[in-house]
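Below, each chain spelled out in residue letters.
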Amino acid sequence: PIFPNQKITLSVKVGEYKIANDVPISFNNYFSNLQKATFHKSLLTNLKTQTQTTQVATSGILGELVLEIPAIALPKTVQKILGTSAPKLNLDGTQKLTLSASSTKRKRVPIYETGGNSTFDLKMQQETNLRLSGTIGDKISMNLKYNSKQDEQVFDANNVNIKYTGDEDEIIKSIEGGNITLSLGGSRYISYSTSSQGLFGITSKFKYGNLDLNVIASKEESQKNTQSYVGQSQADSSTVSSWRYAPRSMYFLHNPYELLQLRNNSTDPVGWTKNAIDTNADGTWKINTQYLPDNSSVRVFFDDGDGNNNNFLAVGDTIRYGVNSPYDNFVPYYEELFEGTDFVTDYSAGFIKILRTVPRLATIGVIYTRDGNVIPPPPPNPDPEVKYPLILRRRNQDYEPYDENDTTETNSWHYQMRNVYDMNRTKINNEGFNLHVYTVNVDLTRNMNLPDTLAAPGFITYNDYLRLDSNQDGLINGNDSTVNLTAGIVYMPFIEPFKHLGDEIIYEYEPENEYTYNDQTSLFIAIKGKIGRDAIELAQGGILKGSVRVKVNGNEQREGVDYIVDYDFGRITFLSAAGKDPEARIEIDFENRSMFDVSQKNLAGFRADWKLTDYAKLGGTLIYRSENVADKRPRIGNENIEMWMGNVDGELTFKPGFVTRWLDALPLINTTTPSQITFSGEVAFTLPNIYGNPDGKKKEAYLDDMESIVDSYPLGVAFSTWVQASKPYDTMFAKGWANWYNPKNVKRSELEDPITLTEKEKDETVTVLALKAKPNNLYTPNGTYVQSWAGVMKYLGNELDFSQKKYIEIQLMVDPVTGITNPNVNMHIDLGDVSEDFFTEFGGYGVKNTEDTRSEEH
């Protein structure tokens, strides 16, 4: 005690008045109480400061949760492992409720069998997506992801990842558990030394001195696949009617009757005079170059005909619609197009190609320079706010016969190129390509020969008359100037190629506007060739991201540069020409989550690298892999596997000084770095055990079990993807009534044998396409019904090749109540043209589509 016999009196006053009796205490008690009060005040201040510091703005449903644990509460051993930082957790996610409504209306036919021609559907879907991330101490991080739709295995699946990262001086560098990737480098001969996606397990990295050790033990969720496409380009064919020249897309920049040098020889066939374009020896068109525009001078002005978007557009000169009064005037509002993006110009031939859709209401004008002079010349006293372009196309353009003496702006019809045909295919291979112009005989056979009135020596076929074989080598292909296989375009050396061959009407109205063309034209262009792929369907869903590897002709391709991948739906789209080549040899390696074929796949192993000295390294790999399939009769190539793989590799480096000195002794040579010689080597082994039936591990597999050889090609059951069928080949039947629809609440047990289904599967609803056909109600004179037909069709594209298939099975079910009971009723299925003279036959006779003249698979 400082003052053992002294006391302090404590008084409590409000102003000058006491509110309590005085309290005498000793000096010892006074100082002890004062110390406690000061400590409590300091502690409270520190707690407030700490609370304000940790309340930072973070994302997440609950924000960032920080658990402060006093350092004294953690043993030093735990602090050494975890560190002293407080655990931090962040919960983030979304709760999505989707309410969608759709209304569908169809003309003439109902949506459902007993309903009307319109329907309204209301759907509600709920989806929860949560993510928990954070750290525990300084060394442990975690990331947990949950999606309520995980069972669909299409989009990003649930995953768990927990990782421990050690300090620089620790033996344990990292331990990672959950959904991991494998990467064990160092070996050239062990396939699993590269990378593997979709693993669930633990991977660890250790370092002790100069020894590095990687260890992995995992269950593999993915299935490795390799698909090869070697010479698999499809031989595709298409038929183009004479009236389907490239509509509203390609235009001459000058009057074609002046721009092009036209033939006017008395010895030319009928129809060539002032119609056939004179050509050079290589088949290129002869151009009157004085009418060509200056390079990079063409400006294109476009009015889409929509009066609701004319704000901030340039006003154009008034356009007259006729040569006789009163005039129907129209004021266009122009948008200027970008060259190379919205249009391209062929300055050597004097025409442009519009790269956007041109509606019937559109107006197209151009301004360019020729020898420095503006075309068209501006009018006297032009308004600076008005554009005065040369009109290549007017809205709702009508036929205007060409008049050499008519140079007014009203005659813009002849600027449109009517001698260019789109083959509807690009990247066509030159080998095997052929093109024929033909008409159809009464017996529906193709006739490629000219009529007698046009036939002449050297002109036997329509191809001869149209001069499609420009280099006179007897073939029509990409070597001719008339065919561009890359762009898929045919250029005919005529202004109006079919005008004198019987199809004059196609030059009197705009294509796609006159619906009688199908009946009033008779000439067609048949095109056949090998078509390159723009994309490949892997027929697998849930592709693991980063697992796709593509090689074209043995060369590794770069994702995002040479191709892009839709991992959810298994589609690879090529961006470079190499992958689109019809003859390309394509190899694709990928991994996907397998839900049916594999019951268990395990992978475990380690990789050790020992740096003996700065000049010597030694390494080794050992991997055990097992793969068990659920099938008791696995196919060859899909058997059960147990495999040990390993290797020992090393590297030895020398820096012989005498080599450096020898090189320096040579004239004109002065080395800047010491010489180095490296020796490396590797010894690897594989010990496989491949067996079929897991019972007793019998080494057997099945080449053909008559089930697994089946390849499925879903046709799709959405009613909107099907259209009404065209008239079958060679039938005089009347057209019946067909309704195709997607009925509701169809149970799986109604389509499949209930014995093969579980109780849950029996109650599952499925989507099906139902077709109900009714005969025509026409009667014959004797009072009986006439026979009729009805059906639907769908274009399957050119990616399917059935040439090597022996049997084709199409699954359908006839309603046992309202189904076919009349023996005179037959069902026919047509897969399109197999060749010109052969038709696949179903139900008694072959069926060929002639109303839709394209050779497609329906």
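Right, let's walk through the structure included here.

What counts, and where the lines are drawn
- Residues numbered from 1 in each chain as written.
- Predicted model: local features only at pLDDT ≥ 70, side-chain atom pairs only at ≥ 80, totals over all residues.
- Heavy atoms only, no water.
- Helix = DSSP H or I, 4+ residues; strand = E, 2+ residues; numbered from the N terminus.
- Buried < 20%, exposed > 50% of the residue type's maximum accessible area, 1.4 Å probe, protein only.
- Contact = heavy atoms within 4.5 Å.
- Areas by Shrake-Rupley, 256 points an atom, 1.4 Å probe, with all protein chains shown as cover.
- Pairing = 2+ DSSP bridges.
- Axes fitted to C-alpha atoms, helices over the stretch in contact; angles between N-to-C directions.

Quick look at the overall build of the chain
And step 1. The secondary structure content of the chain amounts to 8 helices and 52 strands.
And step 2. Residues classed as buried in the chain amount to 35% of the 858 residues present.
And step 3. Considering only contacts in the chain between residues 6 or more positions apart, those separated by 24 or more positions represent 65%.
And step 4. By element, 53% of the accessible surface of the chain is carried by carbon and sulfur atoms, the whole surface being about 51,900 Å².

Structural notes on the pairing of strand E21 (residues 343-346)
And step 1. Here E21 shows a clear split, with Phe-343 and Thr-345 buried on one side and none of Val-344 and Asp-346 buried on the other.
And step 2. Looking at chain direction, E21 and strand E22 (residues 351-354) are connected through 4 bridges and run antiparallel. Bridging across to E22, Val-344 finds its partner in Lys-353.
And step 3. Counted along the chain from E21 to the antiparallel partner E22, the turn is 4 residues long, and its residue Gly-350 has a positive phi close to 80 degrees.

Notes on the sheet that holds strand E37 (residues 571-574)
And step 1. Read across the sheet, 3 strands follow the order E33-E37-E36 without closing on themselves; strand pairing throughout is antiparallel. Single-partner strands in this sheet number two, and they are strand E33 (535-537) and strand E36 (563-566). Each neighbouring strand pair of the sheet contributes to a mean axis angle of 15 degrees, computed without reference to strand direction.
And step 2. Both E33 and E37 contribute to a ladder of 3 bridges, which runs antiparallel. Paired with Ile-536 across the strands is Ile-572, a residue of E37.

Examining the sheet that holds strand E15 (residues 250-252)
And step 1. Taken in spatial order, the 3 strands line up as E15-E22-E21 in an open sheet, and their pairing is antiparallel. Whereas interior strands pair on both sides, the edge strands pair on one side only; in this sheet they are E15 and E21. Looking at each pair of strands side by side, their axes are set apart by 20 degrees on average, direction ignored.

All quantities given are derived from atomic positions and should not be read as evidence of function.
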